[in-house]
Amino acid sequence: MPSLKDPLLIYSDLDGTLLDIHTYDWQPAAGWLERLQDHQIPVILCSSKTAAEMLQIQSDLGLDGLPFIAENGAVVQLDVRWNDHPNSPRLINGVPHTDIVQVINQLRSDAGYKFTTFDDVDDKVLSEWTGLSRERAALARLHEASVTLIWRDSDEQMAAFETALETLGLKFIQGARFWHILDARGGKDQAVSWLNEQYLQRDGMLPTTLGLGDGPNDAPLLDSVDLAVVIKGINRQGIQLKNDDPERVYHTQQPGPAGWREGLDHFVSS
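As recorded in an unreviewed UniProt entry, the protein goes by Mannosyl-3-phosphoglycerate phosphatase-related protein and comes from Leclercia adecarboxylata.

Right under this line is the structure:
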């Protein structure tokens, strides 16, 4: 069981995990965020959100300058201190957003798939979908290497759409509320592995890694860390992990930031 004095990296999902799924509040987790900051333990945000959104959220949470993983791993922001890195300040992992838009619009035109992407609507509609302010909704549209959408068709059509994407080197993944399309070579697990490698090269050792998430798209993240916290979520399917050993994985009783706090209480001795 790691303590606050041990080398530790925290990888955390946002919506439904560190942030309340409805209100975006994080106050139940504020005490732990302060403790981790006091002990210089990085909290690396890992989300389907855009980098523009995550820079704002980092500022809200007092996590400025730390690395983060955006767009389900398609975008990785480097630590602000790593300005000597060839990928500084940001690694784009896979095909760009504009190319994905072109591909899926063609598929929609050819096969009549029913879905609505964030590109199909304005800031006002997106604000209504998400509960975000207009200003934050505008940031949610600034994708660099993925597409976010609401699926409005049958399960059969979804299976066909997913197969079509796979043949084109793309993958279709489910988040807490929306679906996401990105390069098949990207993902939260690849991004975590890449960041771990950067820490290993710079520090000469890899800290213990702890991950927290609540949605199906968090499974790759939680499968690629030493200790995993599955936050009680709203998704009916839950999270299917490759290794659900209770020594490694803790399932919280509480949702959102209260569950985040519960998970840290379970694994990290203060």
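Of all the six residues making up strand 11 (residues 227-232), five are buried; the element is thus mostly covered by neighbouring parts of the structure. The pairing of strand 10 (residues 208-213) with strand 11 spans four bridges and is classified as parallel. Paired with Gly211 across the strands is Ala228, a residue of strand 11. Two strands pair when backbone bridges link them, and strand 11 and strand 12 (residues 249-255) are joined in this way by four bridges, in the parallel orientation. Across the sheet, residue Lys232 finds its bridge partner in strand 12, namely Pro255.

Time to look at the environment of Arg177. Its place among the elements puts Arg177 in the loop between strand 8 (170-174) and strand 9 (179-183). Sequence separation between Arg177 and Val75 is 102 residues; the distance between their C-alpha atoms is 20 Å.

A separate point is helix 4 (residues 123-130). Looking only at helix 4, the buried set comprises Leu126, Ser127 and Thr130. An end-on view of helix 4 places all buried positions within 105° of arc, on one side of the element. Check the buried side of helix 4 and you find it contacts helix 5 (134-140). Regarding helix 4, its N-cap is Asp122, as a side-chain oxygen of that residue lies 3.2 Å from the backbone nitrogen of Lys124 further along. Just downstream of helix 4, Gly131 is the residue with a positive phi angle, here 80°.

This brings us to the packing of helix 3 (residues 97-111) against helix 6 (residues 155-167). How two helices sit against one another is set out by the angle between their axes and by the gap between those axes. It is the contact of helix 3 with helix 6, at a shortest axis distance of 11 Å, that shows an interaxial angle of 135°. If you check the angle between helix 3 and helix 6, you find them oblique. Considering only the axes of helix 3 and helix 6, their crossing is right-handed. Facing Ile104, Leu107 and Ala111 of helix 3, the residues of helix 6 in contact are Gln157, Phe161, Ala164 and Leu165. Its residues assigned to classes, the contact of helix 3 with helix 6 shows six nonpolar, one polar and no charged.

What counts and how
Residues numbered from 1 in each chain as written. Predicted model: local features only at pLDDT ≥ 70, side-chain atom pairs only at ≥ 80, totals over all residues. Heavy atoms only, no water. Buried < 20%, exposed > 50% of the residue type's maximum accessible area, 1.4 Å probe, protein only. Helix = DSSP H or I, 4+ residues; strand = E, 2+ residues; numbered from the N terminus. Pairing = 2+ DSSP bridges. Arc of directions from axis to C-beta. Contact = heavy atoms within 4.5 Å. Polar contact = N/O pair within 3.5 Å; in protein donor to acceptor, adjacent residues only side chain to side chain. Axes fitted to C-alpha atoms, helices over the stretch in contact; angles between N-to-C directions. Parallel < 35°, antiparallel > 145°, perpendicular 65-115°, else oblique. Left-handed = near helix turned anticlockwise from the far one by under 90°. Nonpolar A, V, L, I, M, F, W, Y, C, P; charged D, E, K, R; others polar.

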